[in-house]
Amino acid sequence: MSSDLAIVYAALILKDDNVEVTADKLQTLTKEAGMTEIEPIWFSLYAKALEGQDLKELIFNIGAGAGASAGAAAGGAGAGGAAEEAAAEEAKEEEKEESDDDMGFGLFD
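Residues numbered from 1 in each chain as written. Predicted model: local features only at pLDDT ≥ 70, side-chain atom pairs only at ≥ 80, totals over all residues. Heavy atoms only, no water.

Enquirer: How would you explain the packing of helix H2 (residues 23–32) against helix H3 (residues 40–50) if you had to name every residue and give the values?
Expert: At their nearest, the axes of H2 and H3 sit 8 Å apart, and the two run at 125° to each other. By the angle class used here, H2 and H3 are oblique. Between H2 and H3 lies a crossing of right-handed hand. On H3, the residues that touch Ala23, Leu26, Gln27 and Thr30 of H2 are Phe43, Ser44, Tyr46 and Ala47. In the contact of H2 with H3, the residues fall into five nonpolar, three polar and no charged. (Axes fitted to C-alpha atoms, helices over the stretch in contact; angles between N-to-C directions. Helix = DSSP H or I, 4+ residues; strand = E, 2+ residues; numbered from the N terminus. Parallel < 35°, antiparallel > 145°, perpendicular 65-115°, else oblique. Left-handed = near helix turned anticlockwise from the far one by under 90°. Contact = heavy atoms within 4.5 Å. Nonpolar A, V, L, I, M, F, W, Y, C, P; charged D, E, K, R; others polar.)

Next up, the structure:
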């Protein structure tokens, strides 16, 4: 297991138990799990990055962030309805693209 993954799992364990994510607690959990080769700087970096974040919300909305931010940025630029129409047309064009299965061949043919 990589050190990054161990720290992320430790943070998820802490959040699941409604415990504040701190560098000391992350370090304690990973050491108890047998991950002793992790440099101490990583614990403080992850603790600062996750400070004030709702991990459950991040996990449940992992795919929703990109589309929402692009739409908000376009709307804020003054394009308004035109930007929404362009985004809708672009989404329709992506749906129309043919896949390999539609062309009569696939990965295992």
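Enquirer: Before we move on, can you summarise helix H1 (residues 3–16) with the specific residues and values?
Expert: For H1, built from 14 residues, the straight-helix expectation of 20 Å at 1.5 Å per residue is met to within 8% by its first-to-last C-alpha distance of 20 Å. Along H1, the positions that sit buried rather than exposed are Ala6, Ile7, Ala10, Ala11 and Leu14. Mapping the buried residues of H1 onto a view down its axis gives an arc of 135°, with all of them on the same face. Two residues or fewer after H1 comes Asn18, characterised by a positive phi angle close to 55°. (Expected span 1.5 Å × (residues − 1). Buried < 20%, exposed > 50% of the residue type's maximum accessible area, 1.4 Å probe, protein only. Arc of directions from axis to C-beta.)

Enquirer: Mind laying out the side chain of Thr30, listing which residues take part and the relevant values?
Expert: Along the chain, Thr30 turns up in helix H2. By relative accessible area, which is 2% here, Thr30 ends up buried. For Thr30, the contacting residues outside a window of four places in its chain are Ala6, Ile7, Ala10, Met35, Ile38 and Phe43.

Enquirer: Go over the nonpolar core, please, and point to the residues and values.
Expert: Ranked by size, the top nonpolar core spans 13 residues in total, and within it Ile7, Ala11, Val21, Leu26, Ile38, Phe43 and Leu50 carry the most contacts. Of all elements in the fold, only H1 and H3 reach the threshold of two or more residues within this core. Among the elements that line this core, the one with the most residues is H1, at five residues. Among all residues touching Ala11, those that are not within four sequence positions of it are Val21, Leu26, Leu50 and Leu55. (Core = buried A, V, L, I, M, F, W, Y, C linked by side-chain atoms within 4.5 Å.)

Enquirer: Go over the packing of H1 against H3 with me, naming the residues and quoting the values.
Expert: Their axes nearest at 11 Å, the elements H1 and H3 cross at an angle of 45°. One element, H1, and the other, H3, form an angle in the oblique class. As H1 packs across H3, the resulting crossing turns out to be right-handed. From H1, Asp4, Ile7, Val8 and Ala11 reach across to H3, where they touch Trp42, Phe43, Tyr46 and Leu50.

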